[in-house]
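For reference, the chains in residue letters:
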Amino acid sequence: MGSIMFDKFIANQAAKIEKVRTRQSNTKMNLIKTYSIIAVVAGHCRGGGIGFPMENWILPYFYDMAIFVFVSGYFYKKEYDDAKFFAFIKSRVMRLVVPYFIWNFVYGLLNTFFRGIGVIDYGDPISLYSLFVRPWVDGHQFHFNIPAWFLLSLFIVSVLTYIMRRLMKLLHILNEEVLLAITFIISVISIYFAQNGYNSGVYLCLVRAGFLLPYFQMGFVYKKYESLLGKHKAVLIGVITCCVYALLVLSKGNLDVTAVFAEFIGNPLILTALTILEILLTATICEILAPAFCKSSIVKKIGDNTFSIMMHHGIILFSVNLVIYIMSKFVDISGFDVAAFKSTLWYAYPWRDSRIYLFYVILAVAVPIVIKNISNKVILRVNSRKNMSAEEK
């Protein structure tokens, strides 16, 4: 029985790998994902010691999570509206929820081990709450997989979108633009509630999903008008930058969006408008750049592996520091803050100057891709041998 289940698992994984390998690559979306995931990783490593292009106009940490929801919505297929409820839920659970909880358990064990030997001071003890409940609340239980909180929020957003589309279709009132407007209203309301203290406990999960909700539908609607927008790229960039400037000038005080904690500074309408504009600006610039990167294996590799990078870049950053920490036991490493290393996952050793942070970012992006490629090759080889053995019989 166990052997049959293992063979089935390997066959399913091999089929998924082949599907990714053979599918037509969307360079524009890969560029969007590449830019966004690098921004996420760099944001967890003091900016990566680099300045992002046009960062006064493209505010990467303003919309870095919303744009991943946008990309997911872009690839949503209309036929999913007719899928049976439990079939759709199952597909999303298998794609997002199951991998999250498998790795949550793994990182729970690792966190327990490193806390037990006194290397780190952060993280929850393994319990039913930390394994199955806190991931839905804030996702900060074991720290190594903090960035993966987004996966459960994406699950909630995709399911809510499916339910809303399904209901509107059954009532014969499904209109893409109307649904988009409804979801943006929900997002503005969610920001308002978060700003008024409803951003902790179970409320955090709800307002976070509410904030991200419209960008899934936005991605779907964007695909509908993609060719039209593509004909006026220069005009679109000009209009967007003027609107961004106007909103930044008209707003009073600071503006900020921290999706992980549902912390928002500024008028909810202005924050929502800026997020929409920033996503459209990024998409338009990536469309302009797409022809130059259509043969780039690096962009394709990063774009195809954002899940792995999102899930595992925290442990890579920790591993770099762990090596330096172990070395510090034997040789004097000037400037390495042991207390900071033990107290936070996001510590980065400022060797000489901030340019070293780019080294952290490169490793945190590259290592998950390399490990994923190796595991894919192993799965394909095992599946191939299994198929050869079955043919010989």
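Quick caveat, the model's predicted, so the values are computed rather than measured.

Digging into the overall build of the protein chain
In step 1: Secondary structure summary: the protein chain contains 15 helices and two strands in total.
In step 2: Its C-alpha radius of gyration of 22 Å places the protein chain within 12% of the 21 Å reference for a compact globule of 393 residues.
In step 3: Taking the principal axes of the C-alpha coordinates as reference, the protein chain spans close to 65 × 60 × 45 Å.
In step 4: Counting the 393 residues in the protein chain, one finds 48% classified as buried.

A few points about the side chain of Thr27
In step 1: Among the secondary structure elements, Thr27 is positioned in helix 2 (residues 27-43).
In step 2: Judged by relative accessible area, Thr27 falls into the buried class, the value being 14%.
In step 3: Residue contacts for Thr27: discarding those within four places in its chain leaves Ala290, Phe293 and Cys294.

Thoughts on the packing of aromatic side chains
The description of an aromatic ring pair rests on the distance of the ring centres and on the angle between the ring planes.
In step 1: Using the criterion set out here, one finds 35 aromatic pairs in the structure.
In step 2: Ring geometry for Tyr76 against Tyr80: centres 5.2 Å apart, planes inclined by 80°, an arrangement best described as edge-to-face.
In step 3: By relative accessible area, which is 3% here, Tyr76 ends up buried.
In step 4: The partly exposed category is assigned to Tyr80, whose relative accessible area is 23%.
In step 5: By way of ring pairs, the aromatic residues Trp103, Tyr107, Phe113, Phe114, Tyr122, Phe144, Phe318, Tyr325, Phe336, Phe341, Tyr347 and Tyr349 are connected into one cluster.
In step 6: Directly above the aromatic system of Phe220 lies the positively charged group of Arg165, at a separation of 4.4 Å from the ring centroid.

Quick look at the confidence of the model for the protein chain
Parts of the model with low pLDDT should not have their predicted coordinates read in detail.
In step 1: Per-residue confidence for the protein chain gives a mean pLDDT of 89, with 92% of residues at or over 70.
In step 2: Mean pLDDT across the elements of the protein chain ranges from a minimum in helix 1 (residues 2-22), with 69, to a maximum in helix 7 (residues 176-195), with 97.

Points about the packing of helix 4 (residues 85-116) against helix 5 (residues 128-137)
In step 1: Running from N to C, helix 4 and helix 5 cross one another at 125°; their axes reach a closest spacing of 10 Å. On the basis of their axis angle, the class for helix 4 and helix 5 is oblique. Crossing of helix 4 against helix 5: the hand is right-handed. Contact residues: helix 4 offers Val97, Tyr100, Phe101, Asn104 and Phe105, while helix 5 offers Ser130, Leu131, Phe132, Pro135 and Trp136.
In step 2: Considered class by class, the residues forming the contact of helix 4 with helix 5 number eight nonpolar, two polar and no charged.

Some remarks on helix 7
In step 1: A rise of 1.5 Å per residue sets the reference length of helix 7, with its 20 residues, at 28 Å; its end C-alpha atoms lie 29 Å apart and thus fit the reference within 8%.
In step 2: Listed in full, the buried residues belonging to helix 7 are Glu176, Leu179, Leu180, Thr183, Phe184, Ser187, Val188, Ser190, Ile191 and Ala194.
In step 3: Elements that come into contact with the buried residues of helix 7 comprise helix 6 (149-170), helix 8 (202-224), strand 2 (263-265) and helix 11 (268-293).
In step 4: Of the residues that open helix 7, the one with a side-chain oxygen 3.1 Å from the backbone nitrogen of Glu177 is Asn175.
In step 5: Looking one or two residues beyond helix 7, the residue adopting positive phi is Gly197, at roughly 95°.

Examining helix 4
In step 1: Along its 32 residues, helix 4 runs 44 Å from first to last C-alpha, staying within 8% of the 46 Å computed at 1.5 Å per residue.
In step 2: Taken as a whole, helix 4 carries its principal kink of about 45° at Val93.
In step 3: Gly118, located one to two residues past helix 4, shows a positive phi value of around 80°.

A word on a nonpolar patch on the surface
In step 1: Among the surface-exposed residues, Ile185, Ile189, Tyr192, Phe193, Tyr198, Val202, Tyr203 and Leu206 lie close enough to one another that they form a single nonpolar patch of about 820 Å² accessible area.
In step 2: Sorting the residues of the nonpolar patch by element identifies helix 7 and helix 8 as the ones contributing at least two each.
In step 3: Broken down by element, the residue count for the nonpolar patch peaks at four residues, all from helix 7.
In step 4: Following the sequence through the fold, Val202 ends up in helix 8.
In step 5: Using a relative accessible area of 55% as the deciding quantity, one classes Val202 as exposed.

Re the side chain of Ser153
In step 1: Among the secondary structure elements, Ser153 is positioned in helix 6.
In step 2: Residue classification places Ser153 among the buried positions, given a relative accessible area of 3%.
In step 3: Ignoring any residue separated from it by four or fewer positions in sequence, one finds Ser153 in contact with Arg208 and Leu212.

Reading the values: rules and limits
Here the residue numbering is sequential within each chain, running from 1 through the sequence in written order. Where local features are concerned, this predicted model is filtered to residues with pLDDT of at least 70; where side-chain atom pairs are given and counted, the filter is 80 or more; whole-chain, interface and lining totals use all residues. Heavy atoms from the whole structure form the basis of all side-chain values; hydrogens and water molecules are not counted. Numbered from the N terminus, helices here are DSSP runs of H or I no shorter than four residues, and strands are runs of E no shorter than two. In this setup the radius of gyration rests on C-alpha atoms only. A globule is expected at 2.2 Å times the number of residues raised to 0.38. In this scheme, a residue with accessible area under 20% of its type's maximum is buried, one over 50% is exposed, and one in between is partly exposed, where area comes from a 1.4 Å probe on protein chains only. Any two residues whose heavy atoms approach within 4.5 Å at even a single point are treated as in contact. Whether two aromatic rings pair depends on their centres lying within 6.5 Å, for rings of Phe, Tyr and Trp, where Trp uses its six-membered ring; planes under 30 degrees apart make the pair stacked, over 60 edge-to-face, and the rest tilted. Throughout this description, the term charge over a ring refers to an Arg CZ or Lys NZ atom that lies within 6 Å of the ring centre and within 35 degrees of the ring normal. The predictor rates its confidence in each residue with pLDDT, a number between 0 and 100. Throughout, an axis means a line fitted to C-alpha atoms (over the contacting stretch in the case of helices), and angles, computed between N-to-C directions, take values from 0 to 180 degrees. We call two directions roughly parallel when the angle between them is under 35 degrees, roughly antiparallel when it is over 145, roughly perpendicular when it lies between 65 and 115, and oblique otherwise. Each crossing gets its handedness from the near helix: less than a right angle anticlockwise from the far helix is left-handed, clockwise is right-handed. Here the term charged refers only to Asp, Glu, Lys and Arg, the term nonpolar to Ala, Val, Leu, Ile, Met, Phe, Trp, Tyr, Cys and Pro, and the term polar to all other amino acids, Gly among them. A helix is expected to span 1.5 Å for every residue after the first. Here a polar contact is taken to be a pair of N or O atoms separated by no more than 3.5 Å, where protein atoms must pair a possible hydrogen donor with a possible acceptor and residues adjacent in sequence count only if both atoms sit in side chains. We define the bend at any residue as the angle between the axes fitted to the seven residues before and including it, ending there, and the seven starting there. Only residues whose relative accessible area exceeds 30% and that form no salt bridge are eligible for patches; like-charged ones are grouped when within 9 Å, while nonpolar side chains (Val, Leu, Ile, Met, Phe, Trp, Tyr) are grouped when within 5 Å. Every accessible area reported is derived by Shrake-Rupley at a probe size of 1.4 Å, with residue values counting cover from the shown protein chains alone. The term salt bridge refers to a side-chain nitrogen of Lys or Arg lying within 4 Å of a carboxyl oxygen of Asp or Glu.

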